[in-house]
Structures are given as C-alpha cells and as structure tokens.
Amino acid sequence: MAQAGKSVAVFEANDTIGGGVRSGELTLPGFVHDLCSSVYPLAIGSPFFRSLPLSQHGLEWIEPPAQLAHPFDDGSALIVERSVAATAAKLASDSASYQKLFGPLCADWDSLSVDLLAPPRWPNRPIKFARFGLAALQPARRFAERRFNEARTKALFAGLAAHSMLPLETWGSAAIGLVLGVAAHAVGWPIVRGGAQRLADALCSYLHSLGGKIFLDHPVQTLAELPSSRIVLCDVTPRQLVKIAGPRLPSWYRDKLKKYRYGMGAFKLDWALSAAVPWSARECGQSATVHLGGSLAEIASSERKAWRGLHANKPFVLLAQPSLFDDSRAPAGKHTLWAYCHVPHGSDFEMTERIEAQIERFAPGFRATILARHVSPPGELQRRNANLVGGDINGGAATLRQLFFRPTRQLYSTPSPGLYICSSSTPPGGGVHGFCGYHAARTALRQMM
C-alpha cells in the first residue's frame, strides 16, 4: 500500500512489532530466543520479499551447510543439502525417484512459487502446476509409501509433510511436504543473523522509509477506535475479526467466520544450553533444523493423535538450533535451542518431559546441557500473540477446503466496503512469506480504483 503512494498506519497490539517473527530473552540474560518462527525457506523464497531492499535495512541471511537433518535410532541421519543430486545420493534405491520428483520442481521454482503463494486462480504455467497439484493433493503417507522404497526416505518426507499440522492420511497433506522439500533445494532453509526480530525490524524500517507509521502497544478492540481511512486491513483471524468488526458485518458472514476451523496447537520449549546438543549423528550439527520422529509410522501416529485430541508418548518434534551458525544468539560457548510438537487445539497438557525425551533419544546427554528452559504451551502462545488461537500457528487448519478458500470464498474481501482481512487465515496460509498481506493489499488497491 505504501509503495502505491498511500498513507499507511499500522496499529500493533504488542509492545514490539513482528507477531510470529520476534525475538527476546526468554531464559537467561544474553540468550536471544525466537519467540515463534526461526527458519525461513518461504521468506527467502518469497517473490514479494525478494523485491524489497531488506538487506539495506539490516536483514542478513545465514544458510547452514545443510537445510534439514533427520536422525534415526541407529545413530545415523539423513540430511537435505541444496544439491538435489547430493541429497539423492544418500537415499539408496530411492535416489532416482527423489531426483525425478524434486529436480524439475526446483528448476521451476521461480514460476512455481508465484502460483503456490497466490489465491486460487489460473496458474501462469498450468501444465507444470497441474503436475505439482496432482502430487500435492494426495495424502502424505500414501504419497511417500508409493513414491519411495526406503524407510528412511519415507520418514524424511513424513517430517516435511508434518509441518502441515494435519494427519498424514489427510488429502492435501503432501502439499507442504513438497513445497518445503523443493524450497530446501531451490532457496535453502536459512535463519536471520541476530534473531527473527531482525526480519520484522527490516520490514518496519522499509515501511518507515516509504512514509508509513507504526503505533506499538496499541490494541484495537473495535474499528471505531481507528482514525478515518478509506481502507482497513485486519491482520487477525476470523475470531478476532468478528469481535473487532462485528457491527459492520452482516450476520450471514459472521456466521461463516464463526464456523472457521482452527487447527492443532503447538507446545514449544526454549532452552539456554551450556554446550551444543550432543547428537549421536554428527550430521545433525550441519543444519539449523532437525526433525525428531524416527519412522513414517511414528510421525503419522503422532500427528493423527494430536488431530484427534490425544497426546503422543513419542511426539514428532521440530527443533531449531540457530546459535550453531549465529554466535550473536548466546554468550561465548553457550547455545540457544527451541523445539515444539503438535498437540490438540488449546491443550493444557504438559509435554516438556516427552519433548526432552525425544531429544535425549537422539542426543544422549542433552539434559545435562540445560541451563534454563522456558515453556510455552498453546495458551501461552495465544497470550503472546492473539492470532495463535489455541496455539494454532498456521492461522487455521489447512484442510483442502480451507487451503483454497480461507476464511470464506470471498478470501481477503468482506461484505463491508473498504474492510479486508490479511492474516494467515487467508491464502496462501501459514508461513513467513508476506503473501497474505500482499494479495489483500493488491485486492484493496484494485477496488479503490
């Protein structure tokens, strides 16, 4: 909106900008923790973010030697490298199949990413997009079992697909696995030097350079509190939109928003460590991201249980160790670490022991390195960021219906003229890529003309 010459004011409820892209000292002085997100394949691969001069505003990417590590109980691990061929070479009988799957998709990333990060529309390259879509619409478990022979490769893909926060038997759950797999090879899974907050700060700095204004610690209870404007873009989920804009919305639209389905929650832990995690598989030290779940069956069971309101004894754990590659995150010789698992929506069940047991399983001696921990169950995540309803970090369940038409078939628009929704509850959904707001702003600009 600011690039189009419009006057822009942002009202942020918290005392720091960023939402799910923030950092802070959660444990001990000198330890910088990312409060929510930490690894950014979709941000560095976002055509919109790439068009912005963020490096001039303090953003610096760090790409680890490997994009992802997935350890196994025998002390070995698979790693995903930028090279498709180098990654495939470690996959035994699945080498050719892996290259055939990811090679062409990586070659088409520049055009494919524009279509993937867009609302439903006729794609720029329909034939290639259709080929991707036929694979992406499948249940992740079935896709992995039919595509690959090796148990290790199936587990690797299951870990990628589990980012969807859906049961792996659900139609469409293969999509995020494919997107994240392609991104790992095409653009990498980097972290931000200094912490996630630096990405939010760079975006804020650029907005300020365009004349935009940001008002911190300014929660909005109703639209009547806002200054007069032609356009209001609400970076909130459907539940908050009903609360904030209810009187301006017809009852039929409010009813649709109230039926919007939120997804599983996240139970997150942050640690200050006296040393790096002592992985059994040395390869795990090459990546900022580690998936802990062993086999496809174990990962699928964990995600299915969380979806059904249960808590896995051996949860699939997504772990980030940024201080291995960014020494600004912790005092000399010390480290930061975070990990989370998926739990039922709004769960208050204590998962600390189970998460730490999963890490200890693949890194014996891990607990001995813990100096301090900070526990963030779903309720804490929501208190920290009201958009994380019930701990749902994706802005709503990414079921097939809600993957394409979120929060309703009107997408970013509402029945109230000049009022739009631009959160991750709109296409293309969760992830740090900027395209929910981008497409909402483009929609608003078109309708202003």
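Use the structure listed above.
Worth saying up front: this structure is predicted, and the values here are computed from it rather than measured.

Student: Before we move on, could you go through the nonpolar core and cite the residues and values that matter?
Tutor: Tyr-98, Phe-132, Phe-157, Leu-178 and Trp-189 are the most contacted members of the largest nonpolar core, which totals 59 residues. For this core, the leading source of residues is helix H9 (residues 174-186), giving eight residues. Not counting residues within four places of it along the chain, the set of residues in contact with Phe-132 comprises Leu-105, Leu-112, Leu-116, Ala-175, Leu-178 and Val-179. Ala-69, Ile-79, Phe-267 and Cys-341 belong to the second-largest nonpolar core, a separate cluster that totals 27 residues.

Student: Quick one: what's the story with unusual backbone geometry, residue by residue and with numbers?
Tutor: Along the chain, Arg-406 connects to Pro-407 via a cis peptide bond; the corresponding omega equals -5°. In this fold, Pro-407 is placed in the loop between helix H16 (400-404) and strand S15 (419-421). Residue Pro-428 follows Pro-427 across a cis peptide bond; omega there is 5°. Residue position: Pro-428 is located in the loop between S15 and helix H17 (435-448). A positive phi angle is found at Ala-92, which is not glycine, with a value near 50°. Within the element layout of this structure, Ala-92 appears in the loop between helix H3 (84-88) and helix H4 (95-107). Even without being a glycine, Leu-411 presents a positive backbone phi close to 55°. Among the secondary structure elements, Leu-411 is positioned in the loop between H16 and S15.

Student: Got a sec to walk through the side chain of Glu-356? Specific residues and values, please.
Tutor: As for its placement among the helices and strands, Glu-356 is situated in helix H14 (residues 352-362). Residues within four places of Glu-356 in sequence aside, it is in contact with Leu-269, Trp-271, Phe-366, Arg-367, Ile-370 and Arg-373.

Student: Requested: an account of the environment of Leu-207, with residues and values cited.
Tutor: Inspection of the secondary structure puts Leu-207 in helix H10 (residues 197-209). You can call Leu-207 buried: its relative accessible area is 17%. When the C-alpha atoms of Leu-207 and Ala-2 are compared, they prove to be 7.1 Å apart, with 205 residues separating the residues in sequence. Residues within four places of Leu-207 in sequence aside, it is in contact with Ala-2, Val-8, Val-10, Gly-212 and Ile-214.

Student: An account of the environment of Leu-337 is needed here, citing residue identities and associated values.
Tutor: The topology assignment puts Leu-337 in strand S13 (residues 335-343). When the C-alpha positions of Leu-337 and Ser-376 are compared, they lie 14 Å apart, and in sequence the two are 39 residues distant. Non-local contacts of Leu-337, meaning those with residues more than four positions away in its chain, are made with His-33, Leu-269, Asp-270, Trp-271, Leu-273, Val-277, Leu-319, Ala-320, Gln-321, Ile-359 and Phe-366.

Cut-offs and rules
- Residues numbered from 1 in each chain as written.
- Predicted model: local features only at pLDDT ≥ 70, side-chain atom pairs only at ≥ 80, totals over all residues.
- Heavy atoms only, no water.
- Core = buried A, V, L, I, M, F, W, Y, C linked by side-chain atoms within 4.5 Å.
- Buried < 20%, exposed > 50% of the residue type's maximum accessible area, 1.4 Å probe, protein only.
- Helix = DSSP H or I, 4+ residues; strand = E, 2+ residues; numbered from the N terminus.
- Contact = heavy atoms within 4.5 Å.

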